[in-house]
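This is what each chain is made of:
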Amino acid sequence: AGCHGCGPFQSKSRTRHHALRRECTVPLTETIENLVSVASLLIAYLSWRSSQRTAKEQLALQRTTARLAEQQLELIESQRQANAPALRISIESVNRHTRKFVIRNVGNAPARNVAFVLNPHGSGDNPLLLDDYREKFPVPIMPPGSEVGVLAAFSYNSARAFDVTFRWETEDGRTVEEQSFVAL
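In what follows, the accompanying structure is described. Note that this is a predicted model, so its numbers are computed, not measured. Numbering of residues starts from 1 in every chain and runs along the sequence as written. Owing to the predicted nature of the model, reporting of local features is limited to residues with pLDDT of at least 70; listing and counting of side-chain atom pairs is limited to 80 or more, with chain, interface and lining totals taken over all residues. In computing side-chain values, all of the structure's heavy atoms are included and hydrogens and water are not.

## Description of the environment of Gly-145
Each helix corresponds to a stretch of at least 4 residues labelled H or I by DSSP, and each strand to a stretch of at least 2 residues labelled E; elements are numbered beginning at the N terminus. Relative to the elements of secondary structure, Gly-145 occurs in the loop between strand E4 (139–142) and strand E5 (147–152). Through-space distance from the C-alpha of Gly-145 to that of Gly-107 is 7.4 Å; in sequence the pair is 38 residues apart.

## A closer look at the nonpolar core
Generally speaking, a soluble globular protein has its nonpolar side chains buried in company with each other. Counting 25 residues, the largest nonpolar core has Ile-89, Phe-101, Phe-116 and Phe-137 as the members making the most contacts within it. When contributions to this core are tallied by element, the ones reaching two or more residues are strand E1 (87–93), strand E2 (99–105), strand E3 (111–120), E4, E5, strand E6 (161–169) and strand E7 (175–183). Here, residues are in contact when the closest pair of their heavy atoms is within 4.5 Å. Setting aside its immediate chain neighbours within four residues, Phe-116 contacts Ile-89, Ile-103, Leu-128, Tyr-133, Phe-137, Val-150, Val-164, Thr-165 and Phe-166. What makes a nonpolar core is a set of buried Ala, Val, Leu, Ile, Met, Phe, Trp, Tyr and Cys residues whose side-chain atoms join them at distances within 4.5 Å. Only protein chains enter the accessibility calculation, which uses a 1.4 Å probe; a residue is then buried when its area is under 20% of its type maximum, exposed when over 50%, and partly exposed in between.

## Some details on the pattern of salt bridges
One side-chain nitrogen of Lys or Arg within 4 Å of one carboxyl oxygen of Asp or Glu is enough to make a salt bridge. A complete count under the given rule lists 7 salt bridges for this structure. Note that Arg-104 and Glu-92 form a salt bridge whose closest N and O atoms lie 2.6 Å from each other. Here Arg-104 is found in strand E2, whereas its partner Glu-92 is found in strand E1, with 12 residues between them in sequence. Relative accessible area serves as the criterion here: at 25%, Arg-104 is assigned to the partly exposed category.

Shown next as structure tokens:
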């Protein structure tokens, strides 16, 4: 009968038998340890690959979410601007000797508490008739398509170009200030 550790291996010489036994049992233990190590490495590699794939998918999802959020903000802003007042100024003739500054709301929403300031561009006097301005401004509400005119008395000493600052409130109560330019 063979050695219980060697299984079917049998040997006539005891020394040779124990040498075979050592060769038989040590490689089996090492083989099991190596198989466990390889299995651990394989599991670790597969986990790493899976986490890499998940990280890439999460990054792509974050980019898509950021892009969608940006598009949504742009849409909200464009809707807000599409439904916002837009003030314009021009200088128009009333008759042969009289002109007026005309403020128009060309936007799609009303402007509230509308006022403007004229600053002569370069040298020259401000031709705005202040009494007429004080009677009409600030305008409590300027619906879309509406206009308000203020008389001006241009002379040879009057400026011909003006920096204009509009100030108004939106329907949601925000105060807006916008710069413009007008010239005769």
